[in-house]
Structures are given as structure tokens and as C-alpha cells.
Amino acid sequence: MLREAILIMDQLDEFVDNLQNQIFEEAKQALGEKGFDRWRNPKWNGKIENPDGYARVIGECGDTMEIFLKFENNRVSKASYFTDGCASSMVSGSFAAELTLGRDPDDLSDITAETVLAAIGRLPKEDQHCASLAARTVQEALTHYMSGLVKKTKE
Ligand code: FES
């Protein structure tokens, strides 16, 4: 009885391992090596307290992307993203946040879906709107930062 139970557990472990390998293999095909690594290790994920630039945008797909920016001497010193979306949106948010680091508002305004996509390397065609959601959120966070600056100069 115990031997049979152990055998079943071993088979179950093997099934789970195979399933996981299959999922990882498919994700690697879809996201490329760079995107896959980022999905497994989502750098810049999280929320920053009291960001100078912040935006929360809901894409047409219904997923939410948030971007948090902290500035020092008019350059991004800290950045992060947060999303409830798919693997492609996690990867897009992560690369979008990374692209903002060390940049001034002029550079930030150049961040587009194409820039984010180029940084990732590749995304499935049907997920390319995720890169565009991340880029749009960066632009909104920049607008928020700029309006804060305008407000300060008026005070
Ligand atoms: Fe909605 Fe990726 S499917 S952002």
C-alpha cells in the first residue's frame, strides 16, 4: 500500500515537473530569453511611497498598469511598476520602469511602445499592446511629475 502511494507520488511529481517545463518552454518561445528571464525575476516590481510622478492606467484589455517615479535633480532616481496583468504586461512594466532610470523629462518623453518592445526584444503579436500600456503609463507619470513642478513654481 505504502509502495503504491510512493509510486503515485513520484508519478505526480514527474507530471508536475513536465507540466512546469512545458509552461516555461512556451513562455520562453513567446517572450524570448530576455523577456522570460525578466518574467521569472520581475525587477523593479512594487510600489514606491510618495512618488514624484505616478500614474495608473487601465488598458483596453482591462489590466491595470502603475508606474512610480522618484526624481533627484530632475532625473529619475527610483522607478517601479505594478500590474495585475499577464506575463507580457509584467515584462513590459519592468522594462518600462528600467528605461526611466537616470532619465530627465526630455528623455522620458521619448519612451514609446516601440522603445519598450525593443528593450524586451520580442513579445507575441497579440501582447504588443502590453508594451504600449506600459509606455502610456510612463507618459502619464511624467505628466503628473511635470504638473507637480508647475504647481511648485506657482506657490
Ligand atoms: Fe492586458 Fe497584457 S493583456 S496588459
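Whatever comes next refers back to the structure up there.
Residues numbered from 1 in each chain as written. Predicted model: local features only at pLDDT ≥ 70, side-chain atom pairs only at ≥ 80, totals over all residues. Heavy atoms only, no water.

### Some remarks on unusual backbone geometry
Then, number 1: In this structure, Trp44 takes a positive phi of about 70° despite not being glycine.
Then, number 2: In this structure, Trp44 sits in the loop between α1 (2–40) and β1 (53–58).
Then, number 3: When its relative accessible area of 31% is taken as the criterion, Trp44 is described as partly exposed.
Then, number 4: In this structure, Asn50 takes a positive phi of about 45° despite not being glycine.
Then, number 5: Among the secondary structure elements, Asn50 is positioned in the loop between α1 and β1.
Then, number 6: Taking the relative accessible area as the measure of exposure, Asn50 reaches 60% and is therefore exposed. (Helix = DSSP H or I, 4+ residues; strand = E, 2+ residues; numbered from the N terminus. Buried < 20%, exposed > 50% of the residue type's maximum accessible area, 1.4 Å probe, protein only.)

### Examining α1
Then, number 1: The end-to-end C-alpha distance of α1, which contains 39 residues, comes to just 37 Å, noticeably less than the 57 Å that a straight helix rising 1.5 Å per residue would cover.
Then, number 2: Along α1, the sharpest change in direction is near 115° and occurs at Gly32.
Then, number 3: On its buried face, α1 sits against α2 (87–100) and α4 (113–120). (Expected span 1.5 Å × (residues − 1). Bend = angle between axes of the 7 residues up to and from the residue. Contact = heavy atoms within 4.5 Å.)

### Observations regarding the environment of Arg56
Then, number 1: Considering the arrangement of structural elements, one finds Arg56 in strand β1.
Then, number 2: Using a relative accessible area of 52% as the deciding quantity, one classes Arg56 as exposed.
Then, number 3: Distance from Arg56 to Gly121, taken between C-alpha atoms, is 25 Å for residues 65 residues apart in sequence.
Then, number 4: The residues contacting Arg56, other than those within four sequence positions of it, are Thr64, Met65, Glu66 and Thr137.

These figures capture arrangement, not role.
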